[in-house]
Amino acid sequence: MSDSPPVPASTVVLVSGGSRGLGLAIVTDLLDAGLTVAAFARTVTPELEKLADAYPDRVHVGAVDVTDLAAAQRFLRAVEARFGPVDGLVNNAAVGQDSMHTHTATADIARIVETNLTAPLQLTRLVARRMLGQGRRGRIVNVTSICAQRGFPGLVAYSATKGGMDAATRSLARELGGRMLVNAVAPGFFASEMSAVLGSTQLDQIVRRTPTGHLTEPAEVVPVVRMLLCAHTNINGQVIVVDGAASI
Amino acid sequence: MNELSRAQIRDLMAQVVRNQGRVLPDDDSTDLREIGFRSLDFSELALRVEDATGEELNFDAPGLRRIATVGDVLDFLAELQRQ
Ligand SMILES: NC(=O)c1ccc[n+]([C@@H]2O[C@H](COP(=O)([O-])OP(=O)(O)OC[C@H]3O[C@@H](n4cnc5c(N)ncnc54)[C@H](OP(=O)(O)O)[C@@H]3O)[C@@H](O)[C@H]2O)c1
């Protein structure tokens, strides 16, 4: 293989599910770092709206359902029209689960798979096509989960989607042959709307098993996402676990 | 819909417990831990109710975590059938 120049730091980053929780923390952090950010979720929250007001020249927000491919494509084109080519993607949007597999409605399984696996694959395809077609290089970060590597009751379909994204990360890194750096960040459980379903006994148990003695915080995940988007490294096709060694 | 009564659900629960060599006490306030009735036993019971009624019973784990007594199990399944 010929020598390829390093993949430059991302400058215009698309973040799915940027309206709250980890996604909002990622958007805020990337803006603080001087990047231009486009973020969407099904509902634009006041917090995301506030960021758009604070950085009118560097933020584009919209209400988009990630499972609506046509809407995602329209959003991407609007972002490109405003800021130029997107050279970074963070697949963060996802829905959680807290139900035994045997008693999860089939429609719910389909929705989890569509939102957490099919949609990010489609969005990745859209963004990668734009980047490749314009001869550009870029970076992709998939937010997966420790559930992809360790078993947790009540999270069967969710874990399957996260494992699927970890696997896709490795194959994409190979397929995109150095034109794009593709990595995943796999956080342990952190407090958010998604994990609010966990009982206090479960959360206490996770904390007890975590050598660093606390649940992972979004603030402890965002520097890793930023590093994968911006730092000059040769990290590619990796899944970086951020869980205080809870799973070790 | 062919809905099971609370008493019919109790009979099915007694079968699940009996299959494990235990006896379901008459007292609805019995703590499930006393009879070793765990989430998979609950799942088995729910699937037996499904078999009898022909209707799928799906539910989230948080609802399940609130169940502590035999009476809670019966109330939960009776309510779930109505949803
Ligand atoms: N919380 C945890 O313990 C934990 C642990 C490990 C990994 N993770 C992962 O971290 C990421 C963020 O999770 P979080 O805890 O921050 O979740 P969260 O607070 O529930 O936020 C999820 C975000 O995704 C958006 N979203 C959900 N469905 C969407 C759809 N169909 N279309 C567009 N946007 C959608 C939500 O906005 P709308 O609902 O308005 O669409 C929201 O912005 C996820 O990938 C999750 O799997 C979470």
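Residues numbered from 1 in each chain as written. Chains lettered and ligands numbered in written order. Predicted model: local features only at pLDDT ≥ 70, side-chain atom pairs only at ≥ 80, totals over all residues. Heavy atoms only, no water.

Caption draft 1: How the structure looks around the overall build of chain B. Scanning chain B from terminus to terminus reveals 4 helices and 0 strands. Counting helices and strands in the order they occur from the N terminus, chain B gives α-α-α-α. Counting only C-alpha atoms and orienting by the principal axes, one finds that chain B spans roughly 35 × 25 × 20 Å. Residue burial in chain B is summarised as follows: out of 83 residues, 45% are buried. The long-range share in chain B, meaning contacts at least 24 apart out of those at least 6 apart in sequence, stands at 63%. With an accessible surface of roughly 4,700 Å², chain B has 44% of that area assigned to carbon and sulfur atoms. Mean positive and mean negative side-chain charge positions of chain B (10 and 17 charges, respectively) differ by 5 Å. (Helix = DSSP H or I, 4+ residues; strand = E, 2+ residues; numbered from the N terminus. Buried < 20%, exposed > 50% of the residue type's maximum accessible area, 1.4 Å probe, protein only. Contact = heavy atoms within 4.5 Å. Areas by Shrake-Rupley, 256 points an atom, 1.4 Å probe, with all protein chains shown as cover. Lys, Arg positive; Asp, Glu negative; His and termini not counted. Charge placed at Lys NZ, Arg CZ, Asp CG, Glu CD.)

Caption draft 2: Local environment of helix α4 (residues 106-133) of chain A. Residues and elements named next belong to chain A. Taking 1.5 Å as the rise per residue, α4 with 28 residues should run 40 Å; its terminal C-alpha atoms sit 38 Å apart, in good agreement. When we look at burial in α4, the residues that qualify are Ile112, Thr115, Asn116, Ala119, Pro120, Leu123, Thr124, Leu126, Val127, Ala128 and Met131. Positive phi appears at Gly135, one or two residues downstream of α4, with a value of about 65°. (Expected span 1.5 Å × (residues − 1).)

Caption draft 3: Quick look at the packing of aromatic side chains. For the structure on display, the rule yields 5 aromatic pairs over all chains. Aromatic pair Phe40 of chain A and Phe75 of chain A: ring centres 5.3 Å apart, planes at 75°, arrangement edge-to-face. Linking Phe40 of chain A in strand β2 (residues 36-41) with Phe75 of chain A in helix α3 (residues 69-83), this pair joins segments that are 35 residues apart in sequence. For Phe75 of chain A, a relative accessible area of 6% translates into the label buried. On the basis of an interplanar angle of 80° and a centroid distance of 5.0 Å, the ring pair of Phe152 of chain A and Phe189 of chain A is categorised as edge-to-face. In this pair, Phe152 of chain A sits in the loop between β5 (138-143) and α5 (156-175) while Phe189 of chain A sits in the loop between β6 (180-187) and α6 (200-208), placing the two residues 37 residues apart along the sequence. For Phe152 of chain A, a relative accessible area of 25% translates into the label partly exposed. The exposure class of Phe189 of chain A is buried, given its relative accessible area of 14%. Counting every residue linked through ring pairs, the aromatic cluster contains Phe42, Phe59 and Phe76 of chain B. (Phe/Tyr/Trp six-rings, centres within 6.5 Å; stacked < 30°, edge-to-face > 60°.)

Caption draft 4: Structural view of the site of the ligand. Residue and element names in this part refer to chain A. Around the ligand, the structure places 30 residues, and the nearest of them are Ser19, Arg42, Asn92, Tyr158 and Ser192. Within the side chain of Arg20, an N or O atom sits 3.2 Å from an oxygen atom of the ligand. Between the ligand and Ser192, the relevant distance is 2.5 Å, taken from an oxygen atom to a side-chain nitrogen or oxygen of the residue. Calculation on the ligand without its partners gives an accessible area of 880 Å², and the protein chains cover 96% of this total. Secondary-structure elements contributing two or more residues to the shell around the ligand are α1 (21-32) and α5. (Near = heavy atom within 4 Å. Polar contact = N/O pair within 3.5 Å; in protein donor to acceptor, adjacent residues only side chain to side chain.)

Caption draft 5: Region of interest: the pairing of strand β3 (residues 59-63) of chain A. All names here are of chain A. Taken across its 5 residues, β3 has 4 buried, putting it largely inside the fold. Examined bridge by bridge, β2 and β3 share 5 bridges and lie parallel to one another. Directly across from Phe40, in β3, lies its bridge partner Gly62. The parallel pair β2 and β3, bridged by helix α2 (residues 46-54), forms a crossover whose chirality is right-handed. (Pairing = 2+ DSSP bridges. Right-handed = clockwise from strand over helix to strand, strands pointing away.)

Caption draft 6: Molecular detail of the environment of Asn92 of chain A. Residue and element names in this part refer to chain A. Assignment of secondary structure puts Asn92 in the loop between β4 (88-91) and α4. Distance from Asn92 to Gln205, taken between C-alpha atoms, is 26 Å for residues 113 residues apart in sequence. With sequence-adjacent residues up to four places away left out, Asn92 is seen in contact with Ser16, Gly17, Leu22, Gly23, Ile26 and Val143.

Caption draft 7: Seen up close, the interface of chain B and chain A. Counting residues at the interface gives 14 residues for chain B, matched by 11 residues for chain A. In total, chain B and chain A occlude about 880 Å² of area from one another, counting both sides; carbon and sulfur atoms represent 52% of this. For the chain B face of the interface with chain A, the top three residues by lost area are Asn58, Phe59 and Arg65 of chain B, together amounting to 47%. Where chain B packs against chain A, one counts 1 salt bridge. With a closest N to O distance of 2.6 Å, Asp98 of chain A and Arg65 of chain B form a salt bridge. Our enumeration of links across chain B and chain A arrives at 7 residue pairs in polar contact (both at pLDDT 80 or more). Among the secondary structure elements, those contributing two or more residues to the side of chain B that touches chain A are α2 (39-53) and α3 (61-65) of chain B. Looking at the side of chain B that touches chain A, the element that brings in the most residues is α2 of chain B, giving 6 residues. For the side of chain B that touches chain A, the residue count by class is 8 nonpolar, 3 polar and 3 charged. (Buried area = accessible area lost by both parts, 1.4 Å probe. Salt bridge = Lys/Arg side-chain N within 4 Å of Asp/Glu carboxyl O. Nonpolar A, V, L, I, M, F, W, Y, C, P; charged D, E, K, R; others polar.)

Caption draft 8: Up close: the UniProt feature "domain: Ketoreductase" (unreviewed entry) in chain A. According to UniProt, the "domain: Ketoreductase" (unreviewed entry) feature falls on residues 11-193 of chain A. Secondary structure content for residues 11-193 of chain A is 46% helix and 19% strand, while the C-alpha to C-alpha distance between its ends is 29 Å. (UniProt positions renumbered as here; feature names shortened; annotations may be inferred.)

Caption draft 9: The pattern of salt bridges, seen in detail. A complete count under the given rule lists 12 salt bridges over all chains for this structure. A salt bridge links Arg20 of chain A to Glu193 of chain A, with the nearest nitrogen and oxygen atoms 3.5 Å apart. Of this pair, Arg20 of chain A sits in the loop between β1 (12-16) and α1 while Glu193 of chain A sits in the loop between β6 and α6, and the two are 173 residues apart along the sequence. Of the charged contacts in the structure, one is a salt bridge between Glu44 of chain B and Arg48 of chain B, with a shortest N-O distance of 3.1 Å. Placement of the pair is Glu44 of chain B and Arg48 of chain B together in helix α2, with a separation of 4 residues, close to one helical turn. Several salt bridges converge on common partners, so that one network encompasses Arg6, Arg10, Asp28 and Asp75 of chain B.

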